[in-house]
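In case you want the letters, here they are:
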Amino acid sequence: AAAAAGPHAPMHKLSKSLSAPFRFDSTGSLPPFSFHRSQRLLQFWVLVGLSAVLTCSLSWVNDVCMDQAFTLRGGLLYAVVAWVGPESEALLEAVSCLVWVGFAMVLTGLSHKIAKLRPWSMGSGIPELKAILQRTYLKGFMQVGMIPVKFIGLVLVECAGLPVGKEGPLAHISAVITKRLAETRLFNAVTRIPQWSDRAFACAISVGLCASFGVPLGGVLFAMEVVPDSVGTTMTYWACLYASIMGSMMLRLLPALLAGPIVNLLPPLPEAPHRGADPEELLKNGALWLLCLPFGIALGFLGAVFVNTQTALSVRLRRWSTGTDVSKFDMRHGGDIRGGLGQTLVDVQHKPGTADHWRVCRKKTMLDGFIPVPTHRGLLLCLAVAAVDQTVNFLVPIARGTNQAQLLWSLISMHDTDWRSVETGFGSSGRVPAMPHDRLFPAAETASDLHQMVAHLAYFAWKFVSTCFALSIPVPCGSIIPCYIMGALLGRAYLYFLQLVAPSVGALFAGSYSDFALIGATAFAAGVCRSFSVVITVSELVGRPNLLMPTGIASIVSIGTGNFFSPGFFEAAGRSKMLPMLHKARSILDGSRMVSSLMSERVPRIPDSLGEDAWRGREYVRHVLNTHEMWTQFPVVAGDPSELDSAPLIGTVPRKVVEEYCALDESPSEPDAGTPGKPAVRLPRRHLHVATQVPMHMCVREAQLAVQLHPEMALYVVHHGHVVGYIDFELLLQDQTEKLRFEEW
């Protein structure tokens, strides 16, 4: 080569030496220190930060729209009062209720119609991200059109006043922004980083919570608890922390530059005075910690009931709104199900693996490969839920005068709950007029503890039902803020109960309604979501570090109790949507059994040699291919068909190679008795791939981590080098499904 270069040979060698740091090695990876490596890392951090900034900007715009919609709604009621006049109370009540409910129905109907443009925009989006992080490909979930559809639908449904949150839709929007930016020429180098999407989508989940509440640490912990264990690494933690900080800075910067609300769910509460080692204070803290134990157990059980109720209701309403039972269809036979039933949204990718793992996933866990698109029944369902929910909100003054954030602030800041006031929330003074029926509610000064407890429990029961329906209708929605509100109601009811049954204990906590509301809010949300991040989020919001211990105790007990009765909210939502994903462990003992108790012993072994009787060897291989039609990758053992049980595993080969193997040196028809000294037909070793082997005593939990990273591959269980079975994504999913069916009640 140097001779052919002629006089340019020295320059050619110099250019090769200068470009050496920028070239790939034989494994395809970059050297430790190179320009391209630094460029990719820089592009990744810029990409994640830019996605967080854009998502939090959209969250701020969402809050501005909610504030303006609330003002417009109150202005419409003031116009009705001025038009009808206070003389005719019955007519005023009827027209005002009609305007209030009609406003919500119009916005909810528009949200549903817009969400139908992209069916994946309905719901939260976090269960789908969990499935994607386990290598599930959802066609259309990351389309660029998902951003305006999901954002506008979220804005409309929140402006309507329905009990929904926004952390899930914002996480979905952040993931789509990250995915689409990475496909541009500016950030295209990021896609060459191994498993870059895992960290990027984990950052999207973190940004979703940060953009909802304006807190960085809670978002980081939420992402680490939600993502699969195979993704939750140290680098993922740092990436989530960086993205959350960038988004939180943007949320603080926008209100300073533009006139608008601050994206912060709760204004900071005044800090309780610290009295050092005061015996009375120590007694109060000890009693509070003890009271948190039974309260956490009760809230964990109620959280599990909420999860199971919402999941069952969601499945039934989805089946009714789509007008068909999609579980009766099977896309494997080529049936066209687009006509009025649904939209095909899942591509089946036949990657090298033990079997087509989508086969069982689509049959038992997926909605047969497509997400159902609601018919006109879906619109009727949305309108009915909005009408009933907003009718009750109109009748209850404290709900009419506040949105979701202001209602929660009222519950954790008031001394005694003032049910007749419409100006209890921050920033809600004078924005909604009072109605004649408001005087039917007792004033806070005159209501007894029994009346207050019954009122809180009754309103909790209503919020429980309405939230279950609101999270089940086909619109974009989140779940954390409504859970906070329900828990705050239970917290205040718990203190009223203590004042009734144990006056001495109630007197010790007299006036601590805010503390009990915060404990109830965090414990119930933790019992539903099975995440401790809700405690850190509230602690960052309200600025009360003295409540970190009682809220933590109640939340941990609530999570443990809830895990005993049901999966978490996001795992249950994934099951209701039939998404193929493996759930996280709910106790230390989960997944502790050995893989030998779960493995399948029906392993189609392929010999690397057809033996002396090549005709019989080919017949055996053909029988294996015909018996296991769905297998795309076969294990290969060192030996001929007569030595399969004792032959060691040497690798795997694709199905196409096995088919070619059968056709090598094929004799016409009659069995060949074998000629002594004639070399046997062997499988070409160049086609062998490394076979992932695990011992029989490995825990299922450890095998699940590998399967989550590579769901298309099998883990071959070996004993003294011999294959005794295999375990794959499909078997783990079947085992998990059987457990969940056993727990359903």
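Computed from a predicted structure; not experimentally measured.

**Observations regarding the overall build of the protein**
Inference 1: Per the secondary structure count, the protein includes 26 helices and eight strands.
Inference 2: Counting all 745 residues of the protein, 55% fall into the buried class.
Inference 3: Intrachain contacts of the protein at a sequence separation of at least 6 include 78% that bridge at least 24 residues.
Inference 4: Summing over all exposed atoms, the protein offers an accessible surface of approximately 31,600 Å²; the carbon and sulfur share of this is 64%.

**Thoughts on empty space enclosed by the protein**
Inference 1: By the definition in use, this model includes seven cavities of 30 Å³ or more.
Inference 2: Its volume calculated, the second largest cavity comes out at about 230 Å³.
Inference 3: Lining the second largest cavity are 20 residues, and of these R73, G161, T402, N403 and Q404 lie nearest its centre.
Inference 4: Per-class residue counts for the lining of the second largest cavity are 10 nonpolar, six polar and four charged.

**Examining the packing of aromatic side chains**
Inference 1: Tallied over the entire structure, the rule returns 18 aromatic pairs.
Inference 2: Both rings, one in F222 and one in F570, keep their centres 5.8 Å apart while their planes meet at 70 degrees; by these two values the pair is edge-to-face. One end of the pair, F222, is in helix α9 (residues 216-226); the other, F570, is in helix α22 (residues 569-576), and 348 residues separate them in sequence. For the residue pair F222 and F570, the accessibility class agrees, reading buried in each case.

**Concerning the confidence of the model for the protein**
Close reading of the predicted structure is inappropriate where its pLDDT is low.
Inference 1: In the predicted model, the protein carries a mean pLDDT of 78, and the fraction of residues at 70 or more is 80%.
Inference 2: Here residues 1-31 is modelled with pLDDT under 50, and outside its nearest four sequence neighbours on either side it reaches 17 contacts, counting other chains as well.
Inference 3: Across residues 326-370 the pLDDT falls below 50, and counting only partners more than four positions away or on other chains, this stretch makes 116 contacts in the model.

**Brief notes about the state of the cysteines**
Inference 1: Summed over the entire model, instances satisfying the criterion amount to zero disulfides.
Inference 2: Of the cysteine sulfurs around C240, a residue in no disulfide, the closest is that of C203, at 4.2 Å.
Inference 3: Residue C240 is classed as buried on the basis of its relative accessible area of 0%.

**Some thoughts on the pairing of strand β4 (residues 633-637)**
Inference 1: Extensive coverage of β4 is indicated by the burial of five of its five residues.
Inference 2: Side chains Q633, P635 and V637 of β4 all project onto a buried face; the interleaved residues F634 and V636 project onto the opposite face, where all are buried too.
Inference 3: When β4 meets strand β5 (residues 649-654), the two strands line up antiparallel, connected through five bridges. In the strand pairing of β5, V637 is matched with L649.

**Considerations on a nonpolar patch on the surface**
Inference 1: A cluster of nonpolar residues, L450, V454, F497, L500 and V501, forms a patch on the protein surface that exposes about 420 Å² of accessible area.
Inference 2: Put simply, the parts of the chain that give the nonpolar patch at least two residues each are α16 (449-470) and α17 (480-501).
Inference 3: Its place among the elements puts V454 in helix α16.
Inference 4: Overall, the relative accessible area of 46% leaves V454 in the partly exposed class.

**Here we look at the pairing of strand β7 (residues 715-719)**
Inference 1: Most of β7 is tucked away: four of the five residues are buried.
Inference 2: Sheet topology places strand β6 (residues 693-695) next to β7; three bridges connect them, and they run parallel. Considered in β7, the bridge of P695 is made with V718.
Inference 3: Here β7 runs beside strand β8 (residues 722-727); their pairing, made up of five bridges, is antiparallel. What sits directly across from L715, in β8, is I727.
Inference 4: Linking β7 back to β8 in an antiparallel pair, the connection comprises two residues, with H720 at a positive phi of about 60 degrees.

The rules we used
Per chain, residue numbering runs from 1 following the sequence as it is written. Only residues with pLDDT of 70 or above have their local features reported here, since the model is predicted, and side-chain atom pairs are shown and tallied only from 80 upward, although totals for entire chains, interfaces and linings are computed over all residues. Only hydrogens and water are set aside when side-chain values are computed; all heavy atoms of the structure are taken into account. A run of H or I in DSSP counts as a helix once it spans at least four residues, and a run of E counts as a strand once it spans at least two, with each numbered from the N terminus. Exposure is judged per residue with a 1.4 Å probe applied to protein chains only, and the accessible area is read against the type maximum: over 50% gives exposed, under 20% gives buried, and values in between give partly exposed. For this analysis, residues touch if any pair of their heavy atoms sits within 4.5 Å. Computed with the Shrake-Rupley method and a 1.4 Å probe, the accessible areas treat only the protein chains shown as cover for residues. In the cavity and pocket records, a cavity denotes points on a 1 Å grid over the protein atoms alone where a 1.4 Å probe fits but cannot get out, a pocket denotes an open set with protein on both sides within 12 Å along at least 5 of 7 lines, and lining residues are residues with an atom within 4 Å of a point. Grid points are joined across faces, edges and corners, and a volume is the space filled by probe spheres set on the points. For this scheme, ten residues count as nonpolar: Ala, Val, Leu, Ile, Met, Phe, Trp, Tyr, Cys and Pro. Four count as charged, namely Asp, Glu, Lys and Arg, and the remainder, Gly too, count as polar. Working definition: rings of Phe, Tyr and Trp (its six-membered ring) pair if their centres are within 6.5 Å, and the pair is stacked with planes under 30 degrees apart, edge-to-face with planes over 60 apart, and tilted otherwise. In predicted models, pLDDT denotes the confidence assigned by the predictor to each residue on a 0 to 100 scale. Pairs of cysteine sulfur atoms within 2.5 Å are what we label disulfides. In this scheme, strands are said to pair when DSSP sees at least two bridges between them. Only residues above 30% relative accessible area that lack a salt bridge enter a patch, with like-charged residues linked at up to 9 Å and the nonpolar side chains Val, Leu, Ile, Met, Phe, Trp and Tyr linked at up to 5 Å. Here, a salt bridge means any Lys or Arg side-chain nitrogen found within 4 Å of an Asp or Glu carboxyl oxygen.

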